[in-house]
Amino acid sequence: MPHLDVPTWAWMALNGYVITLLLLDLLVFNKKAHEIHWKEAARLSAFFVAASLALNALIWWVYGSEPALTFFTAYIVEKSLSVDNLFVIAVLFGYFAVPARYQHRVLFWGIFGAIVMRAFMILLGVALVDRFHWVLYIFGAFLVLTGLRMFKETDDAADVANNRLLNLLRRVIPVTKDYHQEHFFIRKMGRLWATPLFLVLVMIELTDVVFAVDSIPAILGVTTDPFLAYSSNIMAVVGLRALYFLLAGVIERVRYLHIGLALVLAFIGAKMLVEPFLSSTGTHIPQWVSLLVITTCISTAAVVSWIATVRERRQIPSAPRFSPSKSKPRHRQEEAESQSKEEATAF
C-alpha cells in the first residue's frame, strides 16, 4: 500500500491531539497525587481507547477502510506488547516500594519520554525502509528470532538490584534514602539530590527502550506508512498509564501471554520475509488476515491463562477469614516523607 498523502497541518493536528490527551490526564484526571483504584483506571482506559478509536474512525472516513484496518492492527500489536512492558514496571514499583499515590506521576513522565523516543525511532525506521528496502528482511528475521526466544522465557523477575545502570547512577548522583512526596529532585544543605522516584523514572525509560527494539520492527511489519505507524504506536502508548492501573492486580496471572506475543512476533516477522515473494506472484496477505491471527494469538493466551488461574484456585484450600484492623499503620517511608518536608526544598 502506498504512503498516505497526509498534509503538514494533519501531522500538527495529530500531535496537538496527543498533547491535549496528555494534559487532560495530568491536569484534569490526576490533578492531585492519589492512589488510582480499579474503577477509576477502567474509566480512564475506556476514555483513551475511545480516543484512539475516534482517530481510527477519522482515518476510515478520510482515507478508507484499508488504512483504518492497518491502523487498528498496528494499535492492537503495540497495545498487546505493552502488557509485557507493564509487568517489568510492576516489578520496578515493587522493588523501589513506590507509594501508590506517586506511581501515576512517574508513569506520566516515563510515558512522555517514551512518546518522544518512539516518534524518533519510528520515523527513522520508516526512512531506512524507504531508502533501503532490504532492511525489512533484517527486521523480519529479528522478529522471528525474538519470537522463538520468547517461547523460552520464564516468569523470573528482573534482577533490578544488580542492574549496572542503576548502580552507576547511585555512584554518580547523590540519592536520598526516602521519598519526598512526588518530587524527583530536592535541594538539601545547598546540594542537589535525586530521590528514589527519579531512579524509577530512569529505569522505566530504559525498559521502554528495550521493549521498543521489539515493538518498532513489529509495527513496521504491519505498515511502513509513517503516519499510520506513528499514530497507532503513539495512541497505544498514551493510554499505557491507565492500562497499568487497570491490570496491576492481574498482570502476574497472565502467565501465558509471552507465548501469545511470541506467536505474534513470529507471524509478523515471517510475513515480512515472505511478502516480497508473494508479491512477485501477484498475491498478498490481506490486512484482515493479519488482524485475525494477531487477535486470536493474544485472546487465546489470555483465556488459557485465566483457565489455569481458576484451576489453581480450586486446588488451593480456602484460608480462614479474618477482619483486618481499621487502623492500618502508615508505611515507614511515608512517615519519613512528612519528617523531611521541612528539611528540604523539593521540586
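Residues numbered from 1 in each chain as written. Predicted model: local features only at pLDDT ≥ 70, side-chain atom pairs only at ≥ 80, totals over all residues. Heavy atoms only, no water.

Draft legend 1. Structural detail: the packing of aromatic side chains. The final tally for this structure, using the stated rule, is 11 aromatic pairs. For the pair Trp-11 and Phe-227, a centre-to-centre distance of 5.3 Å together with 90 degrees between the ring planes defines the contact as edge-to-face. Taken as a pair, Trp-11 in helix H1 (residues 8–29) and Phe-227 in helix H8 (residues 226–238) lie far apart in primary sequence, 216 residues in all. With 5.7 Å between their ring centres and 40 degrees between their planes, Trp-11 and Tyr-230 make a pair best called tilted. Of this pair, Trp-11 sits in helix H1 while Tyr-230 sits in helix H8, and the two are 219 residues apart along the sequence. (Phe/Tyr/Trp six-rings, centres within 6.5 Å; stacked < 30°, edge-to-face > 60°. Helix = DSSP H or I, 4+ residues; strand = E, 2+ residues; numbered from the N terminus.)

Draft legend 2. Structural view of the pattern of salt bridges. Overall, the coordinates contain three salt bridges when judged by the stated rule. We note a salt bridge from Arg-241 to Asp-25, for which the minimum N-O separation is 2.6 Å. Highlighted residues: Arg-241 in helix H9 (residues 240–247) and Asp-25 in helix H1, separated in sequence by 216 residues. Each of the two residues, Arg-241 as well as Asp-25, counts as buried. The residue Arg-118 makes a salt bridge to Asp-208 at a minimum N-O spacing of 2.9 Å. Remark: Asp-208 occurs in helix H7 (residues 196–222) and Arg-118 occurs in helix H4 (residues 100–131); sequence separation between them is 90 residues. (Salt bridge = Lys/Arg side-chain N within 4 Å of Asp/Glu carboxyl O. Buried < 20%, exposed > 50% of the residue type's maximum accessible area, 1.4 Å probe, protein only.)

Draft legend 3. Highlighting the confidence of the model for the protein. The predicted model of the protein averages 80 in pLDDT, with 85% of residues at 70 or higher. By mean pLDDT, the top-scoring element of the protein is H8 (92), and the lowest-scoring one is helix H12 (residues 332–340) (47). Counted against residues more than four places away or in other chains, residues 321–345, with its pLDDT under 50, gives 23 contacts. (pLDDT = per-residue confidence, 0-100. Contact = heavy atoms within 4.5 Å.)

Draft legend 4. Fine view of helix H5 (residues 135–151). Between its first and last C-alpha atoms H5 spans 25 Å; for 17 residues at 1.5 Å apiece the expected length is 24 Å, and the two agree. Buried within H5 we find Val-135, Leu-136, Phe-139, Gly-140, Leu-143, Thr-146, Gly-147 and Met-150. Looking straight down H5, one finds its buried side chains confined to an arc of 140 degrees; they lie on one side. (Expected span 1.5 Å × (residues − 1). Arc of directions from axis to C-beta.)

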